[in-house]
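Summary of structural features
Each chain, written out:
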Amino acid sequence: MSESGQTWRREFKAHPAEARQVREWVDTRLGHPDAPQVANELFVSVLASGTETVRMTLSTAGSRARVTAAGSVELKLHHSHGPGFFIVHGLTTLSGLNTDGKGLWAQLDSKTERTEQ
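The following refers to the structure shown. (Residues numbered from 1 in each chain as written. Predicted model: local features only at pLDDT ≥ 70, side-chain atom pairs only at ≥ 80, totals over all residues. Heavy atoms only, no water.)

Turning our eyes to something else, we now look at the nonpolar core. Counting residues in hydrophobic clusters, the biggest one holds 25 residues, and the most contacted among them are Val 26, Leu 42, Phe 43, Met 56 and Val 67. Secondary-structure elements contributing two or more residues to this core are α1 (19-29), α2 (35-47), β2 (53-61), β3 (64-70), α4 (83-91) and β5 (103-109). Apart from residues no more than four positions distant in its own chain, Phe 43 is found in contact with Phe 12, Lys 13, His 15, Glu 18, Ala 19, Val 22, Val 54, Met 56 and Ala 69. (Core = buried A, V, L, I, M, F, W, Y, C linked by side-chain atoms within 4.5 Å. Buried < 20%, exposed > 50% of the residue type's maximum accessible area, 1.4 Å probe, protein only. Helix = DSSP H or I, 4+ residues; strand = E, 2+ residues; numbered from the N terminus. Contact = heavy atoms within 4.5 Å.)

The next thing to look at is the packing of α2 against α4. The contact between α2 and α4 brings their axes to 9 Å, and the two run at 150°. Considering the angle they form, α2 stands roughly antiparallel to α4. Where α2 crosses over α4, the two elements pack in a sense that is left-handed. Between α2 and α4, the contacting residues are Gln 37, Val 38, Glu 41 and Leu 42 on the first element and Gly 84, Ile 87, Val 88 and Leu 91 on the second. (Axes fitted to C-alpha atoms, helices over the stretch in contact; angles between N-to-C directions. Parallel < 35°, antiparallel > 145°, perpendicular 65-115°, else oblique. Left-handed = near helix turned anticlockwise from the far one by under 90°.)

Mapped onto the elements, Asn 40 comes out in helix α2. Here Asn 40 falls in the buried class, since its relative accessible area comes to 11%. Setting aside its immediate chain neighbours within four residues, Asn 40 contacts Ala 19 and Arg 23.

Such coordinate-based values are descriptive only and should not be taken to indicate function.
Pasting the structure below:
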């Protein structure tokens, strides 16, 4: 059985002031309370790579939502595993580096309850 979903894409200027628009855009499309913060951390990590624009993609399927941020410059290790990585890791069920190394993604699952460690 396939799960239907939706996908949204938007390109943002690679400027710190755009982070607010990223959070607001994500909040209006995904019903998960952690999605805006996760999107913010992914956006900031890709922004730090020196890219000119950051492409944000939101996808849903069943109870899952995926947030992706991608640029045109390959991310260095400190961009993909910097301080924001710990925030993303703590708020999501899965996360990783895009196959081309120029972006990051994170998956949120509304059915998964996080446990305090």
